[in-house]
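# Report on the structure
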Amino acid sequence: MTSETDISHGDPSWFAGPGETDLLAWVAILLLVLAIFGLVTLYAAFDRWAEHRAKGTPLAKTIPTLLAIALIYEVFPIEHFSLLLPLSAILIALMADWSRFHSLIGVSTPGHDETAHPDASIAAAPADPVPSDKGSAL
């Protein structure tokens, strides 16, 4: 008792057979590339804004470094890399901010004597007078 039916299932509309171009796959790849490009562009705009806002703060280099690490972890699957790589980048940025902050503090201390600086005598010296043409005969 087998019954044969003539109803056959057709291929879905999105199916591409062998040797045919899969237009839907190309559209999906294009949308994926555009989404990644948009994400990177938004991160770059935010990084530029954050760097501009962080200028003059103690974490001027650390904040953009943290944003770059967040972008890398979001776009690329780098969980298999060692955690020491981003930690070392963060520590380098922190040390750069720390040294910059302490070098600025050393310049603006109240007990700092600017006349003791070796270049201060050059800046304080009067300019040479312009020689007159009365005594020169060529």
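What you are looking at is a predicted structure, and each value in this text was computed from that prediction instead of being measured. (Residues numbered from 1 in each chain as written. Predicted model: local features only at pLDDT ≥ 70, side-chain atom pairs only at ≥ 80, totals over all residues. Heavy atoms only, no water.)

Attention now moves to the overall build of the chain. For the chain, the count of helices and strands is 4 helices and 0 strands. The N-to-C order of helical and strand elements in the chain reads α-α-α-α. Of the roughly 12200 Å² that the chain leaves accessible, carbon and sulfur atoms contribute 69%. (Helix = DSSP H or I, 4+ residues; strand = E, 2+ residues; numbered from the N terminus. Areas by Shrake-Rupley, 256 points an atom, 1.4 Å probe, with all protein chains shown as cover.)

Together, Leu23, Val27, Leu30, Leu31 and Leu34 line one region of the surface with nonpolar side chains, adding up to about 500 Å² of accessible area. Along the chain, the position of Leu31 falls in helix 1 (residues 23-54). (Patch = residues over 30% accessible without salt bridge, like charges linked within 9 Å, V, L, I, M, F, W, Y side chains within 5 Å. Salt bridge = Lys/Arg side-chain N within 4 Å of Asp/Glu carboxyl O.)

Now for helix 1. Over its 32 residues, helix 1 runs 46 Å from end to end, which matches the ideal 46 Å to within 8%, given 1.5 Å per residue. For helix 1, every residue scored as buried is listed here: Tyr43, Ala50 and Ala54. For helix 1, the secondary structure elements touched by its buried residues are helix 2 (62-75). Once helix 1 finishes, Gly56 follows within two positions and takes phi at roughly 90 degrees, a positive value. (Expected span 1.5 Å × (residues − 1). Buried < 20%, exposed > 50% of the residue type's maximum accessible area, 1.4 Å probe, protein only. Contact = heavy atoms within 4.5 Å.)

Take the confidence of the model for the chain next. Reading predicted coordinates in detail is not appropriate for stretches of low pLDDT. Mean pLDDT over the chain: 75, with 70% of residues reaching 70 or higher. Mean pLDDT across the elements of the chain bottoms out in helix 4 (residues 120-124) (49) and peaks in helix 1 (88). (pLDDT = per-residue confidence, 0-100.)

Another aspect to go through is the side chain of Thr62. Note on placement: Thr62 falls in helix 2. At 2.6 Å, the side chain of Thr62 forms a polar contact with the side chain of Asp97. Residues in contact with Thr62, not counting those within four places in the same chain, are Ala93, Leu94 and Asp97. (Polar contact = N/O pair within 3.5 Å; in protein donor to acceptor, adjacent residues only side chain to side chain.)

Attention now goes to the environment of Lys61. Residue placement: Lys61 occurs in the loop between helix 1 and helix 2. Accessibility expressed as a relative area gives 46% for Lys61, which makes it partly exposed. Those residues within four positions of Lys61 in sequence are excluded, and the remaining contacts are Ala93, Ala96 and Asp97.

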